[in-house]
Amino acid sequence: MLRWRALAFLGCVAACLIGLPRGAFGQARGAGACPRRPAAGSVVAEADEVRSVNGVLRVDLDYCDSVEASGQKRYCYLYEGRSEAPTLRVKPGDLVILSLKNDVDVAAHSGDGKSHRHSTAGACAGGAMPVARVIGTAPTAIGTTTAPGATPTAIGMAMAMGAFTNLHFHGLTLAPVCHEDDSLHTMIEAGGAAFEYRFRIPADEAPGLYWYHPHIHGATNAQVLGGASGAIIVEGIERANAEVAGLPERLLIIRDQELVNPDAAPVQTDSMPPPMVMRDAEGDILNTGTGGGKPAKDLSINFVPVAFPNYVPAVVEIRPGEKELWRVLNASAITYIDLQMMVNGKPQMMGVVSLDGIPINSRERTADEKADDGSAKNRIVWQSHILMPPAGRAEIIVKGPAEGVKASLVTRTVDTGPAGENDPTRPLATIVAAADAAEPRARLDASPAPLARPSLAWLGDVQPVRTRKLYFSEKPHDSKDPKSPTDFYMTVEGQEPKLFDPNDTAPNIVVQQGDVEDWIIENRTQELHAFHIHQAHFMLVEWNGVPLDEPFLRDTINVAYWDGKSGQYPSVKLRMDFRDPNIVGTFVYHCHLLEHEDGGMMGVIRVVAKGKQADSIGTPAGTDRMPGAKFSTE
Ligand SMILES: [Cu+2]
């Protein structure tokens, strides 16, 4: 492990450890090292914004890397050579032209100090890929993966994978094709030409919070942990929910990263001794089940670190009593957030107006939700805490405390299961109410025109044409050694469990565009997983067999862990929406705990255009149709 760490370190010294801007030596885009992060306890600033002009959003991003003084690897999106991870603000119907140049230090990622030139012919040609079988993840100074049993070749390959990147536009209903939202074949090589993403935001895209992040199988975890993520805001949420009209809006991105002080002992806060620190096969700190102890990862809020063990909170300044719309993104690679706002030691209610980018007003109101004159009341779900799995978003109405009142934003502990990572209770930010607090960057339109009702029927009112069952499972890589790194599987019931293989993108599931299906996702492991599918949203219709009627949709859902004894595995039933013709093509579904995804917990789905017979290209085993269901082939 040391040897590899040393190699990577040497590879990076020249360009980024001492902060020399590599772009100073002739690179056209002026790439440099990642900017210095704010100090602990800083006021939370918002990212720079790039807005569309006359229906077009143009942005050039340089994907760069550097190494922190702590030895941690950073990855960043640089805009105009300085600003990190800009927020992209678009309107439905806008054209996005995003040029991404991969300027990470090639030598640092090659494993042998030399550049690995893989032919990627146009970056999304498909075909043979440099495959990294990533075994475990204990990111060290190099930010790639090492674990007991990992061979030098595997490590070298994983490091080589770090030389590639791409973008996934999480939550948007874009086409899964080259230059739009393909993450199966698009690989942008370090030192190569800039790659252009060019797509139109669908005219009926729901207004709300989405995000961009890399999606290279085997390297996603390291890149996201290193900080590679940013927000996309589709404007117009005030058109979907008049309750937020005119409010100042504030974007808060929570990211996780390797521990800044990995060797520090947990601070003892009561008479109980701190829980023992135990690690899983991937080197992460196991869930203590106590709500305390050493976390598996540190957190940051808009890049202000809130590091173990002292958790010096960041500072959010707000005007006293002011109502704001907070758009909160959990861009963590593996950490669950259970967001809570405390005022004078008491949890405050937060008004949820949108989850995962979809306003909860999207469903037709019930009789109770209509005013006497028949008009619709705005729907707000008031919560004292909000569970956000990795990749989850919530848009919430909060009210600034009175001046001088003690308030804070915290994450409560999340019980991730006996095999899960430790996510203890910890602060994120102190909320300081001051009359002269700077207003957030943006404010929502005060007199918005109401958004048209969605043209498609509410998903909860559509009968599914079939039901499928999928399950999460795990086993040690070496069946004789329970401590060996974990293999992570996502399997369609009836198929052979298989680790995701980027060289085999034959679909596990074939779906007909226009259909709505129910998918049951079971968790047969003793840790949490978060199911996510690209290009589409879904509705949670059952939680562990209990029917639900939620007025909102999601694109990422937590699935409870198995206790190791019960005859029934925990599950969710999801109503999956394949009606949008824009999503025809081949894409992925996976666990959004990125270590799991990199470790194989991903499958491939193909959505076939209407008029083409899904059966003719092979419907895999285990795709049971519901008895009597009509299979539309119009
Ligand atoms: Cu998982």
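Note that the coordinates shown come from a computational prediction; the quantities given were computed from them, not determined experimentally.

**Observations regarding the overall build of the protein chain**
Consideration 1: Each helix and strand in the protein chain was counted, giving six helices and 38 strands.
Consideration 2: Across the 634 residues that make up the protein chain, the buried fraction comes to 59%.
Consideration 3: By sequence separation, contacts in the protein chain at least 24 residues apart represent 78% of the contacts at least 6 residues apart.
Consideration 4: For the protein chain, the exposed surface amounts to about 23,800 Å²; the carbon and sulfur share of it is 54%.

**Brief notes about the sheet that holds strand β8 (residues 168-170)**
Consideration 1: Strand order in the open sheet made by the five strands is β1-β5-β12-β11-β8, with mixed pairing throughout. Sheet topology places β1 (49-51) and β8 at the edges, where each strand pairs with a single neighbour. Across the sheet, the mean angle separating the axes of adjacent strands is 25° when strand polarity is ignored.
Consideration 2: Across three bridges, the pairing between β1 and strand β5 (residues 87-90) is parallel. What sits directly across from E49, in β5, is T87.

**Observations concerning the pattern of salt bridges**
Consideration 1: Using the criterion set out here, one finds 35 salt bridges in the structure.
Consideration 2: Across the pair R82 and E80 runs a salt bridge whose closest N-O atoms are separated by 3.1 Å.
Consideration 3: Counted as one network, the salt bridges with shared partners bring together E49, R51, R89, E235, E249, R327 and E395.

**Here we look at the state of the cysteines**
Consideration 1: Inspection of every chain in the model, using the stated rule, returns one disulfide.
Consideration 2: C64 forms no disulfide, and the closest cysteine sulfur to it belongs to C76, at a distance of 5.0 Å.

**So, the packing of aromatic side chains**
For any pair of aromatic rings, the description rests on two quantities: the centre-to-centre distance and the angle between the ring planes.
Consideration 1: Under the definition given, this model contains 13 aromatic pairs.
Consideration 2: Relative to Y75, the ring of Y63 lies with its centre 5.8 Å away and its plane at 5°, an arrangement referred to as stacked. Taken as a pair, Y63 in strand β2 (residues 56-67) and Y75 in strand β3 (residues 73-79) lie far apart in primary sequence, 12 residues in all.
Consideration 3: Among the residues examined, Y63 registers a relative accessible area of 0% and is labelled buried.
Consideration 4: Residue Y75 is classed as buried on the basis of its relative accessible area of 1%.
Consideration 5: Members of the aromatic cluster, connected to one another through ring pairs, are W519, F531, F538, F578 and Y589.
Consideration 6: Directly above the ring of F303 sits R255, whose terminal nitrogen or CZ lies 3.8 Å from the centroid.
Consideration 7: One residue, R524, lies across the ring of Y471, its end atom 3.7 Å from the ring centre.

**Examining unusual backbone geometry**
Consideration 1: A cis amide bond links F308 to the next residue, P309, at an omega of 5°.
Consideration 2: Here P309 is to be found in the loop between β15 (304-306) and β16 (314-318).
Consideration 3: Residue E80 is not a glycine yet carries a positive backbone phi of 55°.
Consideration 4: Tracing the backbone shows E80 in the loop between β3 and β4 (83-84).
Consideration 5: By relative accessible area, E80 is classed as exposed at 53%.

**Digging into the sheet that holds β2**
Consideration 1: Judged by pairing direction, the sheet is mixed, and its five strands sit side by side in the order β4-β3-β2-β6-β10 without closing on themselves. The strands lining the two open edges of the sheet, one partner per strand, are β4 and β10 (195-200).
Consideration 2: In the sheet, strand β6 (residues 95-102) pairs with β10 via six bridges, with the strands oriented antiparallel. Among the inter-strand pairings, V96 is bridged to a residue of β10, identified as F199.

**Some thoughts on the coordination of the copper ion**
Reference geometry at the metal: tetrahedral coordination by four donors gives ideal angles of 109.5 degrees; octahedral coordination by six donors gives 90 or 180 degrees.
Consideration 1: Here the copper ion is held by H529 (ND1), C591 (SG) and H596 (ND1), and the distances to it run 1.9 to 2.0 Å.
Consideration 2: The class for H596 is buried, based on a relative accessible area of 0%.

**Description of the pairing of strand β33 (residues 538-543)**
Consideration 1: In this structure, β33 lies alongside strand β36 (residues 571-577), joined through five bridges in antiparallel fashion. From the neighbouring strand, L540 faces β36, where its bridge partner is L574.
Consideration 2: Where β33 lies against strand β34 (residues 546-547), two bridges are found, and the strand directions are antiparallel. Paired with W543 across the bridge in β34 is V546.
Consideration 3: Counting the residues in the hairpin turn of β33 and β34 gives two residues, including N544, whose phi is positive at 50°.

**Some thoughts on the environment of A193**
Consideration 1: One can find A193 in the loop between β9 (188-189) and β10.
Consideration 2: The exposure class of A193 is exposed, given its relative accessible area of 64%.

**Focus: the confidence of the model for the protein chain**
Consideration 1: Scored by pLDDT, the protein chain comes out at a mean of 84, with 79% of its residues at no less than 70.
Consideration 2: Counting contacts from residues 110-122, a segment whose pLDDT is below 50, to residues more than four positions away or on other chains yields 20 contacts.
Consideration 3: Confidence drops under a pLDDT of 50 for residues 126-156, and excluding neighbours within four residues, the segment shows 81 contacts in the predicted structure.

**Side note on the nonpolar core**
Consideration 1: Judged by nonpolar contacts, the single largest core of 46 residues is most densely connected at L98, L100, F169, Y197 and Y212.
Consideration 2: Considering every element that reaches this core, the biggest residue donor is β2, with four residues.
Consideration 3: Formed jointly, this core draws a minimum of three residues from each of two domains, domain 1 (2-235) and domain 3 (459-617).
Consideration 4: Filtering out sequence-adjacent residues up to four positions away, Y197 remains in contact with V96, I97, L98, L100, N166, L167, F169, H179, E180, T186 and I188.
Consideration 5: Residues V304, M341, V352 and L355 belong to the second largest nonpolar core, which totals 35 residues.

**Notes on the pairing of strand β35 (residues 556-559)**
Consideration 1: Taking every second residue as pointing to the same face, both faces of β35 are buried, with T556 and N558 on one and I557 and V559 on the other.
Consideration 2: The sheet contact formed by strand β32 (residues 529-533) and β35 spans four bridges and is antiparallel. Each bridged residue has a counterpart across the sheet, and for H529 the counterpart in β35 is V559.

**A closer look at the environment of F538**
Consideration 1: Mapped onto the elements of the fold, F538 is located in strand β33.
Consideration 2: On a C-alpha basis, the gap between F538 and V516 in space is 9.6 Å, while along the polypeptide they are 22 residues apart.

**Quick look at the environment of L456**
Consideration 1: Structurally, L456 can be placed in the loop between β27 (442-443) and β28 (467-476).
Consideration 2: What makes L456 partly exposed here is its relative accessible area of 45%.
Consideration 3: Counting along the chain gives 123 residues from L456 to R579, while the straight-line C-alpha distance between them is 8.4 Å.

What counts, and at which threshold
Residues numbered from 1 in each chain as written. Predicted model: local features only at pLDDT ≥ 70, side-chain atom pairs only at ≥ 80, totals over all residues. Heavy atoms only, no water. Helix = DSSP H or I, 4+ residues; strand = E, 2+ residues; numbered from the N terminus. Buried < 20%, exposed > 50% of the residue type's maximum accessible area, 1.4 Å probe, protein only. Contact = heavy atoms within 4.5 Å. Areas by Shrake-Rupley, 256 points an atom, 1.4 Å probe, with all protein chains shown as cover. Pairing = 2+ DSSP bridges. Axes fitted to C-alpha atoms, helices over the stretch in contact; angles between N-to-C directions. Salt bridge = Lys/Arg side-chain N within 4 Å of Asp/Glu carboxyl O. Disulfide = S-S within 2.5 Å. Phe/Tyr/Trp six-rings, centres within 6.5 Å; stacked < 30°, edge-to-face > 60°. Lys NZ or Arg CZ within 6 Å of the ring centre and 35° of its normal. Donors = N, O, S within 2.8 Å, 3.2 Å for Na, K, Ca; no water. pLDDT = per-residue confidence, 0-100. Core = buried A, V, L, I, M, F, W, Y, C linked by side-chain atoms within 4.5 Å. Domains from an automatic or database assignment.

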